[in-house]
Amino acid sequence: MHTLNMLNVWDGAQWRARQCPCAGSEGDTTWHGWALPGLVNAHAHAFQRAMAGLAERRAGAEDSFWSWRETMYALATRFDPERLHAVAAQSYVEMLEAGYTHVCEFHYLHHDPGGRPYAPASAMADALIDAARETGIGLTLLPTLYISGGFDGRPLAAHQRRFAHTVESFLALIEALRARETTGLIVGIALHSLRAVPASALRAVLDSGLAARGPIHIHVAEQTGEVDACLAATGQRPVAWLLDHAPVDARWCLVHATHMDADETRRLARSSAVVALCPSTEANLGDGLFALPAFLAEGGRIAIGSDSNVSISPVEELRWLEYGQRLLHRARNLASSAQQPHSGERLFGLALAGGRQAAGLDIDTEVRVDADAVIELDATHALLAGRRSGEVLDSWIFAGNAPLLRAACVRSRMLVRDGRHLQREAVARRYRQALATLRD
Ligand code: NGQ
Ligand code: ZN
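Since this is a predicted model, take the numbers as computed values, not measurements. (Residues numbered from 1 in each chain as written. Chains lettered and ligands numbered in written order. Predicted model: local features only at pLDDT ≥ 70, side-chain atom pairs only at ≥ 80, totals over all residues. Heavy atoms only, no water.)

## Some remarks on the overall build of the chain
The helix and strand inventory of the chain stands at 14 helices and 16 strands. For 440 residues, the compact-globule estimate of 2.2 N^0.38 gives 22 Å, and the C-alpha radius of gyration of the chain, at 21 Å, lies within 12% of that figure. Put simply, 75% of the contacts in the chain that link residues at least 6 apart link residues at least 24 apart. Both charge centroids of the chain, one from 43 positive and one from 49 negative side chains, sit 2 Å from each other. (Helix = DSSP H or I, 4+ residues; strand = E, 2+ residues; numbered from the N terminus. Rg over C-alpha atoms; globule rule 2.2 N^0.38 Å. Contact = heavy atoms within 4.5 Å. Lys, Arg positive; Asp, Glu negative; His and termini not counted. Charge placed at Lys NZ, Arg CZ, Asp CG, Glu CD.)

Structure below.
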């Protein structure tokens with residue numbers, strides 16, 4: 001379909017020829033490629049982009065998630081609103097160039113490094129909102145409640161002090177940010193994890209009026225150490241505990257849920273909640289493998305996230321979601337189904353619907369053709385030569401590392417053209433300056 005201003009548009013099930021929704025918005029822009037709704041990055045901590053690649057050096061005989069976390073905390077103490085803005089904008093530019101048009105920002109760097117609130121108290125959240133606005137990415141901001149340092153209720157360590165909120169100050173922050181919601185900005189709620197949020201605080205937040213709408217996200221069962229600590233403290237595994245003590249439904253997004261037994265897998269799949277899977281980070285941190293085939297067989301909903309931002313690429317997340325299972329089961333096309341035999345297309349469709357649900361964009365998970373965020377793959381790239389409709393997504397996800405994304409358009413604003421974000425240079429310049437001060 002190489003007609004001017006016409007596109008092959010994927011509607012979640014098949015490709016159809018359609019008029020380009022952006023026609024006319026940017027003068028001579030002509031789209032004639034493969035267009036898709038943009039993906040949601042369902043879980044990310046923007047600031048961690050600044051340490052991508054810096055924790056790959058042996059720090060001791062037993063490097064682990066927990067030793068990585070010390071490196072990450074050391075970096076976290078160095079941020080102020082200006083540096084956060086610079087690093088977040090860089091992360092968001094890279095997300096848009098990679099095919100994410102919306103991000104769920106799991107935000108817990110609330111206060112100054114000593115734990116004192118900024119004036120205003122939302123200064124760090126404001127930096128994220130400004131970075132999203134400037135780069136054009138849609139934002140589901142998830143201010144995060146972080147209270148304790150472990151299941152035993154121990155106080156936060158010095159490096160964690162800037163994460164701390166009481167239930168009251170946390171709800172005040174949510175309320176202040178909700179007043180600023182507009183198209184492109186949704187304010188949800190995040191509970192950092194069961195180790196960081198005591199049961200009484202979890203209940204207080206969920207019982208407050210502010211939890212009555214919007215998405216609710218939580219990290220859960222990422223590491224076996226967390227499962228063991230939860231069992232010791234409560235007698236239950238983390239996902240089972242959560243399902244028994246919180247009204248987990250389609251508004252909830254459980255991040256990782258790596259370590260579940262068969263009963264937890266079945267119950268979570270049937271809850272309608274989304275699981276945000278972050279394969280590149282989960283691999284990088286040595287978390288473990290999610291039981292994807294069993295979860296999908298029970299009708300479970302998934303989304304993908306770049307989490308630590310060690311990699312910003314939906315292609316890599318979706319590819320490794322499938323490859324992890326292939327390596328484990330010594331079989332192929334494990335994410336495919338009888339109705340959708342193409343692994344890449346099925347994974348993309350699941351991540352699209354689940355991501356929109358996790359972001360609070362449409363809780364009922366309907367994929368719409370006229371999505372307000374469209375990405376376009378370069379139909380002239382050799383990687384897509386001779387590819388017929390059902391093979392396009394499979395080829396994008398499994399066959400290439402070349403950036404195939406030619407354009408991204410969000411709410412009629414052209415953000416990426418010829419593979420480059422329109423503010424790429426200006427954003428990168430500020431990012432380099434921020435990195436110089438973060439690492440000096
Ligand atoms: C985070 N990262 O929130 O960035 C966490 C570690 C913590 C992952 N869980 C922080 N991958 O546990 O305090
Ligand atoms: Zn996370």
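And the narrative resumes.
## Here's the deal with the packing of aromatic side chains
Under the defined criterion, the tally for this structure stands at 14 aromatic pairs. Judged by centre distance (5.8 Å) and plane angle (40°), the rings of Phe65 and Trp68 are tilted. Residue Phe65 and its partner Trp68 are located together in helix α1 (residues 65-76), separated by three residues, close to a single helical turn. Phe65 sits in the buried class, given a relative accessible area of 5%. Aromatic rings pair up to connect Phe47, Tyr73, Phe79, Tyr108, Tyr146 and Phe163 into one cluster. (Phe/Tyr/Trp six-rings, centres within 6.5 Å; stacked < 30°, edge-to-face > 60°. Buried < 20%, exposed > 50% of the residue type's maximum accessible area, 1.4 Å probe, protein only.)

## A short note on the pattern of salt bridges
Two side chains carrying opposite charge are able to pair once their charged atoms lie near each other. The tally for this structure, following the rule as stated, stands at 19 salt bridges. With its nearest N and O atoms 2.6 Å apart, the salt bridge here joins Arg49 to Glu94. One end of the pair, Arg49, is in the loop between β4 (39-44) and α1; the other, Glu94, is in helix α2 (residues 81-98), with 45 residues separating them in the sequence. For Arg270, the salt bridge is made with Glu298, and the minimal N-O distance between the two is 2.9 Å. Linking Arg270 in helix α8 (residues 262-270) with Glu298 in the loop between α10 (292-297) and β12 (301-304), this pair joins segments that are 28 residues apart in sequence. Judged by its relative accessible area of 29%, Glu298 is partly exposed. (Salt bridge = Lys/Arg side-chain N within 4 Å of Asp/Glu carboxyl O.)

## Remarks on the site of ligand 1
The immediate surroundings of ligand 1 are formed by 15 residues, with Tyr73, Tyr108, Tyr146, His192 and Glu222 found nearest. With respect to ligand 1, the side chain of Arg69 contributes an N or O atom lying 3.0 Å from an oxygen atom. Contact between ligand 1 and Tyr146: an oxygen atom at 2.4 Å from a side-chain N or O atom of the residue. Notes on ligand 1: free accessible area 350 Å², of which the protein chains cover 100%. (Near = heavy atom within 4 Å. Polar contact = N/O pair within 3.5 Å; in protein donor to acceptor, adjacent residues only side chain to side chain. Areas by Shrake-Rupley, 256 points an atom, 1.4 Å probe, with all protein chains shown as cover.)

## Regarding the coordination of the zinc ion (ligand 2)
All of the protein donors around the zinc ion (ligand 2) are His43 (NE2), His45 (NE2), His219 (NE2) and Asp307 (OD); their distances to the metal are 2.0 to 2.7 Å. Here the zinc ion (ligand 2) is ringed by four donor atoms whose angles at the metal span 82 to 163°, and the overall shape comes out irregular. Taken in sequence order, the residues that donate to the zinc ion (ligand 2) follow the motif H-x1-H-x173-H-x87-D. In this pair, His219 is assigned in strand β9 (residues 216-220) and Asp307 in the loop between β12 and α11 (314-329), connecting sequence segments 88 residues apart. Each of the two residues, His219 as well as Asp307, counts as buried. (Donors = N, O, S within 2.8 Å, 3.2 Å for Na, K, Ca; no water. Tetrahedral: all angles 85-135°; square planar, octahedral: opposite > 155°, others 65-115°.)

## Notes on the packing of α2 against helix α3 (residues 123-135)
Following both chains from N to C, one finds α2 and α3 inclined at 35°, their axes separated by 8 Å at the closest point. Handedness of the crossing formed by α2 with α3: right-handed. Mapping the contact onto sequence places Pro81, Leu84, His85, Ala88, Ala89, Tyr92, Val93 and Leu96 in α2 and Ala123, Met124, Ala127, Leu128, Asp130, Ala131, Ala132, Glu134 and Thr135 in α3. Considering only residue class, the contact of α2 with α3 consists of 13 nonpolar, two polar and two charged. (Axes fitted to C-alpha atoms, helices over the stretch in contact; angles between N-to-C directions. Left-handed = near helix turned anticlockwise from the far one by under 90°. Nonpolar A, V, L, I, M, F, W, Y, C, P; charged D, E, K, R; others polar.)

## Thoughts on the pairing of strand β13 (residues 373-377)
Burial within β13 is extensive, with five of its five residues counted as buried. Residues Ala373, Ile375 and Leu377 point to one face of β13 and Val374 and Glu376 to the other, with burial holding for every one of them. In the sheet, strand β3 (residues 34-37) pairs with β13 via four bridges, with the strands oriented antiparallel. Looking at the pairing, Ala35 lines up with Glu376 of β13. Looking at chain direction, β13 and strand β14 (residues 405-410) are connected through five bridges and run antiparallel. Along β14, the bridge assignment pairs Glu376 with Ala407. (Pairing = 2+ DSSP bridges.)

## Details of the nonpolar core
Counting residues in each nonpolar core, the largest one holds 137 residues, and the members touching the most others are Phe79, Tyr92, Trp252, Leu268, Phe348 and Trp396. A total of nine residues in this core trace back to one element, the largest contributor, which is α2. Not counting residues within four places of it along the chain, the set of residues in contact with Tyr92 comprises Ala46, Val103, Glu105, Leu128, Ala131, Ala132, Thr135, Ile137 and Leu139. (Core = buried A, V, L, I, M, F, W, Y, C linked by side-chain atoms within 4.5 Å.)

## Section: the pairing of strand β10 (residues 252-256)
Of all five residues in β10, five are buried, a share of seventy percent or more. In the sheet, β9 pairs with β10 via five bridges, with the strands oriented parallel. Across the sheet, the residue bridging to Val220 is His256, located in β10. Where β10 and strand β11 (residues 274-277) come together, three bridges link them in parallel fashion. Paired with Cys253 across the two strands is Val274, which belongs to β11. The parallel pair β10 and β11 is bridged by α8, and the resulting crossover is right-handed. (Right-handed = clockwise from strand over helix to strand, strands pointing away.)

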